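Each chain, written out:
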Amino acid sequence: KVLQQLVVSGEMIGEALVPYYRQLLPVLNLFKNANINTGDGIVYNQRKRVNLGDLIQETLELLEANGGEDAFINIKYMIPTYE
């Protein structure tokens, strides 16, 4: 959540983080698929945004949207399963 706030806090901050993707993204890649498998049950804590896998996916989308033209290429290189 802090990284998301940092990315959207200013215009050029997303692009300024691109050189640091090699340090940030491997950690996010480890926990990207850490979703809670509830089958067809109801998860009530969705509104609190505490599911780590979903939070990382949102963060990656923000990094791509605010990171400039090379952001997607760098994210895809470090996290091959990112779409």
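Keep in mind it's a predicted model, so treat the numbers as computed, not measured.

Running from N to C, helix α4 (residues 52-66) and helix α5 (residues 71-78) point in directions that differ by 145°, and their axes come no closer than 8 Å. Within the contact between the two elements, α4 uses L60, L63 and E64 and α5 uses A71, F72 and I75. Here the residues of the contact of α4 with α5 are counted per class, giving five nonpolar, no polar and one charged.

This paragraph deals with the nonpolar core. Among the nonpolar cores identified, the biggest contains 14 residues, and Y21, L25, L60, L63, I75 and I79 are the most heavily contacted of them. Among the elements of the structure, α3 (21-31), α4 and α5 are those that each provide at least two residues to this core.

You can see K32 is positioned in the loop between α3 and α4. Buried K32, no salt bridge; nearest opposite-charge side chain is E83, N-O distance 7.1 Å. With near-sequence residues (within four places) excluded, K32 lies in contact with G53, I56, Q57, L60, I79, T81 and Y82.

Moving on: the packing of aromatic side chains. Taken as a whole and assessed by the stated rule, the structure comprises one aromatic pair. Relative to Y82, the ring of F72 lies with its centre 6.1 Å away and its plane at 50°, an arrangement referred to as tilted. With F72 in helix α5 and Y82 in the segment after α5, this residue pair connects regions lying ten residues apart in the sequence. Judged by relative accessible area, F72 falls into the partly exposed class, the value being 34%. On the basis of relative accessibility, which here comes to 0%, the residue Y82 falls in the buried class.

This part covers the confidence of the model for the protein chain. Caution is warranted with low-pLDDT regions, since their predicted coordinates should not be read in detail. Looking at the protein chain, the pLDDT average stands at 82 and 81% of residues meet or exceed 70. The secondary structure element of the protein chain with the lowest average pLDDT is helix α1 (residues 2-8), at 86, and the one with the highest is α5, at 89.

Here we come to the packing of α3 against α5. Contact geometry of α3 with α5 gives a least axis separation of 9 Å together with a crossing angle of 50°. The angle between α3 and α5 falls in the class oblique. Here the hand of the crossing between α3 and α5 comes out right-handed. Note on element contacts: α5 touches α3 through A71, N74, I75, Y77 and M78, opposite Y21, R22, L25, P26 and N29. Taken together, the residues that form the contact of α3 with α5 break down as seven nonpolar, two polar and one charged.

What counts, and where the lines are drawn
Residues numbered from 1 in each chain as written. Predicted model: local features only at pLDDT ≥ 70, side-chain atom pairs only at ≥ 80, totals over all residues. Heavy atoms only, no water. Axes fitted to C-alpha atoms, helices over the stretch in contact; angles between N-to-C directions. Helix = DSSP H or I, 4+ residues; strand = E, 2+ residues; numbered from the N terminus. Contact = heavy atoms within 4.5 Å. Nonpolar A, V, L, I, M, F, W, Y, C, P; charged D, E, K, R; others polar. Core = buried A, V, L, I, M, F, W, Y, C linked by side-chain atoms within 4.5 Å. Buried < 20%, exposed > 50% of the residue type's maximum accessible area, 1.4 Å probe, protein only. Lys, Arg positive; Asp, Glu negative; His and termini not counted. Salt bridge = Lys/Arg side-chain N within 4 Å of Asp/Glu carboxyl O. Phe/Tyr/Trp six-rings, centres within 6.5 Å; stacked < 30°, edge-to-face > 60°. pLDDT = per-residue confidence, 0-100. Parallel < 35°, antiparallel > 145°, perpendicular 65-115°, else oblique. Left-handed = near helix turned anticlockwise from the far one by under 90°.

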